[in-house]
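# Commentary on secondary and tertiary structure
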Amino acid sequence: MSENFEQLFWQAVFSRAAYATGLSSGMTDSQLSRALAEGDSLISQSLAREFAARYEVVAQSDDSNNPDGFSAVVFRERGVTSGPLYFAIRGTQVTSPNDYLADGLIVADGAAFTQIAEMSNFIAQLTTPVGQFTGPAIRYNNDEDGLEYFESIGAGLPGLATV
């Protein structure tokens with residue numbers, strides 16, 4: 001496989017792997033392979049085994065607590081502690097009514113703002129030094145006049161002012 005084609009191939013597999021559930025850092029090859037081959041990821045068992053031998057999970061957002069349906073996974077090459085990270089965001093999950101609601105908000109508002117806030121908080125959690133992240137830093141809100149905005153809730157990152 002040419003290098004460019006191989007990169008595109010693995011990027012496509014990352015996008016499918018984002019649909020797997022129950023992923024966590026420290027999974028063995030067989031645990032990751034099983035999680036990828038089951039459920040909504042639609043990855044064959046042989047490809048799941050090859051993927052799990054090559055890549056490992058750094059983190060998965062906990063979409064069970066996100067009523068807006070945001071979910072993402074960060075992967076890296078297995079056994080490599082520095083180097084590229086691969087950030088894969090799940091699209092609409094057919095079994096999630098919340099995802100369809102978020103899709104409707106994209107049509108109505110031009111973006112799924114609650115999912116943008118969840119993604120921002122997930123990235124902040126991943127990039128903040130251990131022990132300093134205490135929870136979400138922003139949320140999407142609207143007032144009684146229908147004005148929609150992002151607001152800092154100030155809990156997540158040190159030095160972040162509250163609104």
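Reference entry: report on the structure contained in this document.

### Here we look at the sheet that holds strand 2 (residues 72-77)
- With respect to topology, three strands assemble into an open sheet ordered 1-2-3, the strand pairing being antiparallel. Two strands bound the open sheet, and with one partner strand each, they are strand 1 (55-60) and strand 3 (85-89). Between one strand axis and the next, the sheet turns through 30° on average, direction left out of account.
- By the bridge criterion, five bridges tie strand 2 to strand 3 in an arrangement that is antiparallel.

### Examining the nonpolar core
- Counting 21 residues, the largest nonpolar core has Leu 23, Leu 32, Leu 36, Phe 51 and Phe 75 as the members making the most contacts within it.
- Those elements giving two or more residues to this core turn out to be helix 1 (3-17), helix 2 (29-37), helix 3 (45-54), strand 1 and strand 2.
- In contact with Phe 75, not counting residues within four places along its chain, are Phe 14, Ala 17, Leu 23, Phe 51, Glu 56, Val 57, Val 58, Pro 84, Leu 85, Tyr 86 and Ala 88.
- With five residues, the next largest nonpolar core counts Ala 59, Phe 70, Ala 72 and Val 74 among its residues.

What counts, and where the lines are drawn
Residues numbered from 1 in each chain as written. Predicted model: local features only at pLDDT ≥ 70, side-chain atom pairs only at ≥ 80, totals over all residues. Heavy atoms only, no water. Pairing = 2+ DSSP bridges. Helix = DSSP H or I, 4+ residues; strand = E, 2+ residues; numbered from the N terminus. Axes fitted to C-alpha atoms, helices over the stretch in contact; angles between N-to-C directions. Core = buried A, V, L, I, M, F, W, Y, C linked by side-chain atoms within 4.5 Å. Buried < 20%, exposed > 50% of the residue type's maximum accessible area, 1.4 Å probe, protein only. Contact = heavy atoms within 4.5 Å.

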